[in-house]
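Each chain, letter by letter, is given below.
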Amino acid sequence: MDFELSDEQRLFREVLRDFVDREIRPVAQEWEESGRYPTEIVATMRELGLFGLTVPEEYGGLGADMISFALVFEEIAKGWMGVAGILGSHSLSCWLIARHGTEEQKQRYLPDLASGRRRTGIALTEPDAGTDLQGIATVAVRDGDDYVITGRKTWITNARHADPLPVLCKTDPAAAPAHKGMSVLLVDAGTPGFTVERDLPKLGYKGTESCEVLLDAVRVPAANLLGGVEGRGMQQVLAGLETGRINVAARALGIAQAAYDEALRYAGERKAFGQAIGGFQAVQLKIAEMAAQVQAARLLVYWAASRSDGGHRVDMEAGMAKAFASEAAVSCALNAMQIHGGYGYSKEFVVERLYRDAPLMMIGEGTNDIQRIVIARALLAGTASIG
C-alpha cells in the first residue's frame, strides 16, 4: 500500500501547477465574468500535450496513467473548473475511440485529437433524456452506405469545436431491451444538417460552452459507426463514463482544495475583535472539517484511478469518488464562503465562483443518487466488496 505519488507523477503535477499559476489564475475571475473563451489557455494545453491524455502513445498521445489523468483535472479545476471541462469531454471521447474504434477510425482521428488540432466532445443528453439514456429519441436510419441521424442533444460541451462529435442514437428503435438497439456515430464538423442552436445560460461552469444541438437528417458514412458494429453504443458509453466519473471527481476535488486554501489563507489574514479569525473556535471547526473532507476525497479519487490503472472495472469505485468528492466540494465551498463573511458573496473573491461551480459536480456524469444505486447494486451482486 503506497499513498505517495511516483517521482514522475510529482514532476507532472509541478508542471501543471506552474501552468495554472502562470496562465489560469491571473485571468480566471475576469474572463469568467466577461464570458471570454480561454483561447490562449487552450493553446498552452495543446503545447503540453494535454489533449492526448487518453490517446495511446502509438497514435501520438500521452497514454497517461489514471492517477496522472486525475491530477490534470484536480490541478486545473483548482484554478478554473470551466477550463477543466474543455479537456473532460474531449478526453472521454478520445478514450471511446481508442478503446472501441476500428483501426481505421483510430488512424483517422486520434493523432489529430492527441495534438489538439482536432477537438471533440460527446453527445448523450437530450432535452427529455438525461439519466435515462435508454430513453433517448435521436434515431439513425441506415440508407445505403450512410446513416441519417435525426434528433436533438443538449448540454453538449465543446459542441462548436468538436470534430468529430460522437452521438449516441438508436439504430434499432424497436429493439428490446432498448440498449441493444443503440449505437455511437462519429459526426464530422461541417456535416450538413448539424446545427449548434444556442448556448445554455448557466449558474457556473463558465469558460466552456454548453450547447443545444440539432441533427436534422444528418448524413454520416457507415464507416463512422464506432467499432463498426451496431447495438454496442450503450455498453461503450457506460464503460467510458467510469473514466468520466474519475474526471468529475477530480474536478470536484480541485474545487474543494481551492475552497480550503482560500479559507485557510483568509482565516489567517482577516482580523476581528483584535485577532485573526482563525483564532476563533467556530472557524477552526470549519477548517478542520474542510481539511478532512478534502483529504478523504483525494484518497477516494486516487484509489479509483489506481484501481483503473490495475485493469479493474471501477464503476463502484468511481461512483464513490464522484459522489463523495462532489458533495465535499459543495460543503467546502459553502464553508469557505461563510468564513469569508460578506466578502465570500462578492464576485471579487474566488470563493463566490467556487460556490457556483461546485453543484454541477453532483449532477454531471450521472447524479449522485445514481452513483449510490450503482454502488449498492455492485455490492449486492457481489461484483465489488468493501473490507
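Residues numbered from 1 in each chain as written. Predicted model: local features only at pLDDT ≥ 70, side-chain atom pairs only at ≥ 80, totals over all residues. Heavy atoms only, no water.

## So, the state of the cysteines
Move 1: In the structure shown here, the tally under the stated rule is zero disulfides.
Move 2: Cys 211 provides the cysteine sulfur closest to Cys 94, a residue in no disulfide bond, and the two sulfurs are 19 Å apart.
Move 3: Not engaged in a disulfide, the cysteine Cys 169 finds its nearest cysteine sulfur in Cys 94; these two sulfurs lie 19 Å apart.
Move 4: By relative accessible area, which is 0% here, Cys 169 ends up buried. (Disulfide = S-S within 2.5 Å. Buried < 20%, exposed > 50% of the residue type's maximum accessible area, 1.4 Å probe, protein only.)

## Things to note about the UniProt feature "domain: Acyl-CoA oxidase/dehydrogenase middle" (unreviewed entry) in the protein chain
Move 1: Within the UniProt annotation, "domain: Acyl-CoA oxidase/dehydrogenase middle" (unreviewed entry) is assigned to residues 122–218.
Move 2: The distance separating the terminal C-alpha atoms of residues 122–218 is 16 Å; by composition the span is 0% helix and 45% strand. (UniProt positions renumbered as here; feature names shortened; annotations may be inferred. Helix = DSSP H or I, 4+ residues; strand = E, 2+ residues; numbered from the N terminus.)

## Description of unusual backbone geometry
Move 1: Note the cis peptide between Asp 163 and Pro 164, where omega equals 10°.
Move 2: Here Ala 176 and Pro 177 are connected by a cis peptide whose omega angle stands at -5°.
Move 3: One can find Pro 177 in the loop between β3 (165–170) and β4 (182–187).
Move 4: The residue Trp 155 is not glycine, and still its phi comes out positive at about 60°.
Move 5: Mapped onto the fold, Trp 155 is located in strand β2 (residues 146–157).

## With respect to the packing of helix α3 (residues 66–79) against helix α4 (residues 81–100)
Move 1: Where α3 meets α4, the closest approach of the two axes is 6 Å, and the angle between their N-to-C directions is 150°. When the axis of α3 is compared with that of α4, the two are roughly antiparallel. Residues Phe 69, Val 72, Phe 73, Ile 76, Ala 77 and Gly 79 of α3 pack against Met 81, Val 83, Ala 84, Leu 87, Gly 88 and Ser 91 of α4.
Move 2: Counted by class, the contact of α3 with α4 contains nine nonpolar, three polar and no charged residues. (Axes fitted to C-alpha atoms, helices over the stretch in contact; angles between N-to-C directions. Parallel < 35°, antiparallel > 145°, perpendicular 65-115°, else oblique. Contact = heavy atoms within 4.5 Å. Nonpolar A, V, L, I, M, F, W, Y, C, P; charged D, E, K, R; others polar.)

## What about the UniProt feature "domain: Acyl-CoA dehydrogenase/oxidase C-terminal" (unreviewed entry) in the protein chain?
Move 1: Residues annotated in UniProt with the feature "domain: Acyl-CoA dehydrogenase/oxidase C-terminal" (unreviewed entry) correspond here to residues 231–380.
Move 2: The annotated region residues 231–380 carries 78% helix and 3% strand content, and the separation between its end C-alpha atoms amounts to 28 Å.

## Topic: the pattern of salt bridges
Move 1: Scanning all chains against the criterion turns up 30 salt bridges.
Move 2: Residues Glu 75 and Arg 17 are paired through a salt bridge, measuring 3.1 Å at the closest nitrogen-oxygen approach. Of this pair, Glu 75 sits in helix α3 while Arg 17 sits in helix α1 (residues 7–34), and the two are 58 residues apart along the sequence.
Move 3: A relative accessible area of 2% places Glu 75 in the buried class.
Move 4: Glu 23 is paired through a salt bridge with Arg 22; the nearest N and O atoms lie 3.3 Å apart.
Move 5: Connected via shared salt-bridge partners are Glu 32, Glu 33, Lys 347, Glu 352 and Arg 356. (Salt bridge = Lys/Arg side-chain N within 4 Å of Asp/Glu carboxyl O.)

## Overview of the packing of aromatic side chains
Move 1: Applying the stated criterion across every chain, the model contains four aromatic pairs.
Move 2: Measuring from ring centre to ring centre gives 6.3 Å for Phe 273 and Phe 280, while their planes differ by 90°; the resulting arrangement is edge-to-face.
Move 3: Judged by its relative accessible area of 82%, Phe 273 falls in the exposed class.
Move 4: Owing to a relative accessible area of 27%, Phe 280 belongs among the partly exposed residues under this scheme.
Move 5: Cluster of aromatic residues (ring-pair linked, three or more members): Tyr 266, Tyr 343 and Phe 349.
Move 6: The ring of Trp 31 has Arg 36 lying over it, and the distance from NZ or CZ to the ring centre is 3.8 Å. (Phe/Tyr/Trp six-rings, centres within 6.5 Å; stacked < 30°, edge-to-face > 60°. Lys NZ or Arg CZ within 6 Å of the ring centre and 35° of its normal.)

## Considering the side chain of Thr 191
Move 1: Within the secondary structure, Thr 191 sits in the loop between β4 and β5 (194–199).
Move 2: Taking the relative accessible area as the measure of exposure, Thr 191 reaches 12% and is therefore buried.
Move 3: Among the polar contacts made by the side chain of Thr 191, one reaches the main-chain carbonyl oxygen of Asp 188 at a distance of 2.6 Å.
Move 4: Beyond its immediate chain neighbours, meaning those up to four positions away, Thr 191 contacts Val 218 and Arg 219. (Polar contact = N/O pair within 3.5 Å; in protein donor to acceptor, adjacent residues only side chain to side chain.)

## Some points on the layout of surface pockets
Move 1: Empty space within the second largest pocket amounts to approximately 540 Å³.
Move 2: Taken together, 17 residues form the lining of the second largest pocket, with Asp 2, Phe 3, Glu 4, Tyr 302 and Trp 303 sitting closest to its centre.
Move 3: If one sorts the elements of the lining of the second largest pocket by residue count, helix α7 (residues 281–309) sits on top with seven residues.
Move 4: Broken down by class, the residue content of the lining of the second largest pocket amounts to seven nonpolar, four polar and six charged. (1 Å grid on protein atoms, 1.4 Å probe; cavity = no way out; pocket = protein on both sides within 12 Å on 5 of 7 lines; lining within 4 Å. Points joined across faces, edges and corners; volume = space filled by probe spheres on them.)

## Thoughts on the environment of Ala 84
Move 1: Within the fold, Ala 84 resides in helix α4.
Move 2: Note: C-alpha distance between Ala 84 and Arg 198 (114 residues apart in sequence) is 21 Å.
Move 3: Filtering out sequence-adjacent residues up to four positions away, Ala 84 remains in contact with Phe 73, Ile 76, Ala 77 and Arg 251.

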